[in-house]
Each structure stands twice: as structure tokens, then as C-alpha cells.
Amino acid sequence: MRKWAGRVPPSQRQFTSATHCVIFIKKKSNNSSNQSLLVPLKSPTPKVMATPSLCQAAFAVFRQIEPIIVLEQLGSTLFDTALQMVVRDRTANITDPGHSSEESQQTAITNFYMTYNLIIQFTPIIPALVLASLSDRGWRRAPIVVPLSGYLLSRLALLLVVIFGLPLKLMFAASVVFGLSGGFSAYWPGIMTLASLGSTAADRSKVMMRVELLYGLTGVVGSLVSGHLFLLYSSSLGNGTILLSVSTLVNLLCFILAAALLQVRRVNSEDSEESYHLLSHASRHARLVGCCSGVNMVNVALLFAAAFLYDFAVGGAIEILGSFVLKSPLSWTATQVGYGNAAGCGIFITSFLGVIVFRKCVGDETMILIGMLSFAVGIYVMSFVTTTSLFYVARLLNLFALIPMPTIRALVSQQVPASRCGIALTSLQMTLKVAGAVYIPAFTKIYQNSLTWFPGLVFMISSVITVISMIPVSIVGCRLAQKQEYVRIQGD
């Protein structure tokens, strides 16, 4: 032991860290005065290090994509309820010759939303493509930060309309600004791109659905409180002021986090090779990775057609649903509107749980068909809704209605390398925008013309189109099954 005097024996060497320090002292042995031992003495852990650790953990959380999703969806749900109620209040006294006051109000509400939503559908097309191109070149935050600025300005515009009593048509200009910033067409593919690139290839389908779940949970919370916040007002400003103020502040915070703190994961060459077939399940990935060396344009075209038809049906029905609940016999209040929106956001949760269960026993194509069938049945029942309880029954039947679109994105992205993921998802989103440019005026005019004799006709038409959209998905399922059988035989 003497030869280690002044040094630490290798068997007793320890590494030190910022919170753990080891000091060796010399201690005489009881057996002999000539022998000495080196005894480690641990210094106490400083308590002051706990606070910086918590701060670092909080800072790391705010650099992830999840806080952006939560804040944006929270602000959007508050804004949607506020806009719906402001439009209702502003059109309450409109009358048209030869029509009842309720028919005139319904026509005015649907005409406003038709113009407003058409602007939002058309204006983001070119900006979203430009932002997607920047994303694929390495500017991953651009499709998120730029649209969030448009979100913030549109919320601020509605707040000014309410406070100063400005014309409601000012929201058309706000929708133009929102569209030129890229809007949801750029924002959501940007979110999905960052989420997919931050996960392994086998887990990407689950990661995308987890994003949808977080989006839905936040929507439920925001919708539940939105109606109550709308009724809070000051004597000088009126209804909706507090609700819109909270929405604007939330969107401001979201924009600051995205612009200053959001962390982007760099994709190296190994990740790009691993991510060549995005969003594939582990079981299927092993069978297909060897045979899908190129893009299968037939399957991609069929999936785009299915997405177009399904979005046409869903978008057209939801376009009218907001006006439908404001008329008799439902005649909802602001609180009931919030609860109804929460029921719609709850479908995100049930769809996520459905994916967890179904993906263990069926393929992607079957999950898409289950989701489409769920929406077709639920929206068919909506055609005959006359009470609030029956409305919630119809929404309950839609519990898997949000499975198809994320799963279709997953199937499309399996054919795309990581470097082209952004442009592929944005192209699919643009296809849905084209669908929106058609179904918005079509469903609006059908609803207005059938308002007096069968207002639920639009929901029945939506159900039929949904059934038609199941055809291309079934064809894709047959084609993929044949390819898997071919690969299995070739492997044998």
C-alpha cells in the first residue's frame, strides 16, 4: 500500500461530476501503524443545484414541438367559438323579403363562412409550397413560425372587430393575411415533418397519431371553457372580449416559443437511409423495404383520390354543422356550442385509441375503411337530428372518423425519402385544399336550398360520398396484399 502514497489506487479511482465529488484521506489501520488506508470522503451534494436542474428541464420541454401544438390548438378552439358566436350576433337582425328571420340569418351565416373559408382555402396554396420547399432545404421552422404569425394577426383582427364595433367583413381581409402566411396548409405538414423526423421509422405512424391525440385533448379543453369565457364581459366591451383576449395572448406566446426556442433535429445520412419508407409499421417494414425501391404512382394516385373524396365528404358536412346547430330546433347557446366543439375534438382521442387497438390485428388499409365507415354511419344519423341528445349520439358514432387521414398520410409517406417528406405532405394537403374549393360552395348552396324542407340533406350526401371514397382504399389494399404475397414467394 505504501507505493500508492500520495496517489489513488486504480481500484479506488472514481469519476467526479458537477454534483458528486470524492475526496480521499489517509487513515491509519488498527492492525499496524505502518499501514495506511485511503478512505473516500464524499462531499455533500449542493442543494442549490436542484433549481437549475428544474429550469433546464423546463427549458428542454419548451424546445420541443408539443408545447407549440398545445398552445396553437388552444388558441384556435377559443377563436373558433368566438367567431361562430360573433357571426351569429351580427346576423341576428338580418331579414330578406319572402323569408323568415331564421332563414335569413342562416343564409347570412353560411354565406359569410363560405366566403371566409374559400379565402382560407385558396390563398395559402403558393405560400405553403414555398415554405415546404424551404423546409426540405433545411429551414424546418419556417413552415411553423410564418403561419403562426398569420394565426396571431387573425385573432387580433377579430378582437378589434369586437372592441371597436368594426364591420364583420374585416375578417375577410384577416383571412387573406392568414392565407398568405401559409395557414394550416403549411403549419400542419410542418408539425408532422418535425414529429416524423424526430422518431424512428418503425414508430412514426404512432408518433403522428400521438400528435393528433395531443391536438384533440387540447381542443377538448379549449372548447369546454370557450363558451363560458365568451359569456364573460365588461359593461363597455361586451361578449367575447375576454375570450378573444386570452386567445390572442396564447397565440402570441406560441409564436414566441416557435421563433425563439423550438429545436429542430438534424437528419444525418444514416437517418435519411432509415427514413426512406416513412411511417411504416415494424411488421410491414420488414416485408416491404426490399421491394419498394421506387414510388408506386398507382397506389399514390389512389390514396390521393381517397383522401380527396373523404375530405370532400367530411369538410362539407362540418362546414354546415356549425350553422346547423344555431337554428331551431337545436338553437344552441355559446356554452352548448363549446360543448359541441369539444365533442368533435374528442374524436381525436377515440381515433387514437382505435389506432392503438386496430394496428395490432389489421393493416393500415383496414383501419382506413373502419374510420370511413364510422363517419358514414354517424353523419347519416346526423341527417335526422332534432334534439341535442341525438346530436351527441351521431357524434359518438363518429368515434373513429379521424383515423383515415393520418393513416393515408402514413401510406403516402412510405414511398418518400426523408428529404422530400415536407413537399409530399404539402402536396397532399394541397389536394385537400382543392377539395375544399369545391365542397364549400356546393354544400353551402345545397343547404340553403333545402333549408325549409330537409336541412339534413347535406349530411346524407356526405355519407354517400364517404362510402364511395372506400373504393380506392380497397383497391390499394388488394394491390399491397398481392405485392406482399409476391415478395413472400420470391423470398421462399
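Residues numbered from 1 in each chain as written. Predicted model: local features only at pLDDT ≥ 70, side-chain atom pairs only at ≥ 80, totals over all residues. Heavy atoms only, no water.

- With an unreviewed UniProt entry as reference, the protein chain is termed Solute carrier family 46 member 2, source organism Xiphophorus maculatus.
- Recorded in UniProt under Subcellular location (unreviewed entry), the annotation for the protein chain is "Membrane". (UniProt positions renumbered as here; feature names shortened; annotations may be inferred.)

1. Observations concerning the overall build of the protein chain
Item 1. When helices and strands are counted, the protein chain shows 18 helices and two strands.
Item 2. Looking at the protein chain residue by residue over its 492 residues, the buried ones come to 49%.
Item 3. Pairs at least 24 apart in sequence give 81% of the contacts found in the protein chain among residues at least 6 apart.
Item 4. Carbon together with sulfur atoms contributes 66% to the accessible area of the protein chain, which is approximately 22,600 Å² in total. (Helix = DSSP H or I, 4+ residues; strand = E, 2+ residues; numbered from the N terminus. Buried < 20%, exposed > 50% of the residue type's maximum accessible area, 1.4 Å probe, protein only. Contact = heavy atoms within 4.5 Å. Areas by Shrake-Rupley, 256 points an atom, 1.4 Å probe, with all protein chains shown as cover.)

2. Thoughts on the pattern of salt bridges
Item 1. Scanning the model with the defined rule gives two salt bridges in all.
Item 2. Aspartate 89 is the salt-bridge partner of arginine 88, the closest N and O atoms lying 3.1 Å from each other.
Item 3. When the shortest N-O distance is used, the salt bridge between aspartate 136 and arginine 140 registers 3.7 Å. (Salt bridge = Lys/Arg side-chain N within 4 Å of Asp/Glu carboxyl O.)

3. Notes on the nonpolar core
Item 1. By size, the foremost hydrophobic cluster in this structure holds 101 residues, and its most contacted members are Ile68, Ile144 and Met171.
Item 2. When residues of this core are assigned to their parent elements, the largest contribution, 13 residues, is made by helix α12 (residues 297–324).
Item 3. Residue contributions to this core reach at least three from each of two domains, namely domain 1 (54–93 + 101–263) and domain 2 (295–491).
Item 4. Once residues lying within four places of it in the same chain are set aside, the contact partners of methionine 171 are Phe79, Phe112, Tyr116, Ser154, Ala157, Leu158 and Val161.
Item 5. Of all hydrophobic cores here, the second largest spans eight residues; its members include Leu213, Phe352, Phe400 and Ile403. (Core = buried A, V, L, I, M, F, W, Y, C linked by side-chain atoms within 4.5 Å. Domains from an automatic or database assignment.)

4. Topic: the packing of helix α5 (residues 142–164) against helix α9 (residues 241–260)
Item 1. Viewed as axis vectors pointing N to C, α5 and α9 meet at an angle of 160 degrees, and their least axial separation amounts to 9 Å. Classified by the angle between their axes, α5 and α9 sit roughly antiparallel to one another. As α5 packs across α9, the resulting crossing turns out to be left-handed. Along its contact with α5, which presents Ile144, Val145, Leu148, Ser149, Tyr151, Leu152, Arg155, Leu156, Leu158, Leu159, Val162 and Ile163, the element α9 presents Thr241, Leu244, Ser245, Ser247, Thr248, Asn251, Leu252, Cys254, Phe255, Ala258 and Ala259.
Item 2. Partitioning the contact of α5 with α9 into residue classes produces 16 nonpolar, six polar and one charged. (Axes fitted to C-alpha atoms, helices over the stretch in contact; angles between N-to-C directions. Parallel < 35°, antiparallel > 145°, perpendicular 65-115°, else oblique. Left-handed = near helix turned anticlockwise from the far one by under 90°. Nonpolar A, V, L, I, M, F, W, Y, C, P; charged D, E, K, R; others polar.)

5. Overview of the confidence of the model for the protein chain
Item 1. For the protein chain, the mean per-residue pLDDT works out to 81, and 77% of the residues sit at or above 70.
Item 2. Taken together, the stretch residues 1–25 has pLDDT below 50 and engages in 35 contacts with residues farther than four places along the chain or on a different chain.
Item 3. Within the model, the stretch residues 269–293 combines pLDDT values under 50 with 62 contacts to residues more than four positions away or in other chains. (pLDDT = per-residue confidence, 0-100.)

6. Notes on a nonpolar patch on the surface
Item 1. On the surface, a cluster of nonpolar side chains totalling about 430 Å² of accessible area is made up of Leu153, Leu156, Leu160, Phe164 and Val177.
Item 2. Counting residues per element, the nonpolar patch draws most heavily on α5, at four residues. (Patch = residues over 30% accessible without salt bridge, like charges linked within 9 Å, V, L, I, M, F, W, Y side chains within 5 Å.)

7. Topic: unusual backbone geometry
Item 1. Here the bond from serine 328 into proline 329 is cis, since omega is 10 degrees, no more than 30 degrees from zero.
Item 2. Looking at the element boundaries, proline 329 is found in the loop between α12 and α13 (334–358).
Item 3. A positive phi angle, near 50 degrees, is found at serine 331, a position not held by glycine.
Item 4. You can see serine 331 is positioned in the loop between α12 and α13.

8. Side note on the packing of aromatic side chains
Item 1. Evaluated as defined, the whole model comprises 22 aromatic pairs.
Item 2. An angle of 80 degrees between the planes, with centres 5.5 Å apart, marks the rings of phenylalanine 112 and tyrosine 113 as edge-to-face.
Item 3. The class for phenylalanine 112 is buried, based on a relative accessible area of 8%.
Item 4. Of the residues examined, tyrosine 113 reaches a relative accessible area of 15% and is grouped as buried.
Item 5. Each ring, one from tryptophan 188 and one from tyrosine 215, has its centre 4.8 Å from the other, and the planes form 55 degrees; the classification is tilted. Taken together, the positions of tryptophan 188 in helix α7 (residues 183–197) and tyrosine 215 in helix α8 (residues 204–231) put the pair 27 residues apart, joining distant regions of the chain.
Item 6. A relative accessible area of 3% places tryptophan 188 in the buried class. (Phe/Tyr/Trp six-rings, centres within 6.5 Å; stacked < 30°, edge-to-face > 60°.)

9. Considerations on helix α4 (residues 125–136)
Item 1. A rise of 1.5 Å per residue sets the reference length of α4, with its 12 residues, at 16 Å; its end C-alpha atoms lie 17 Å apart and thus fit the reference within 8%.
Item 2. Restricting attention to buried positions, one finds in α4 the residues Pro127, Ala128, Leu131, Ala132, Ser135 and Asp136.
Item 3. Positive phi appears at glycine 138, one or two residues downstream of α4, with a value of about 115 degrees. (Expected span 1.5 Å × (residues − 1).)

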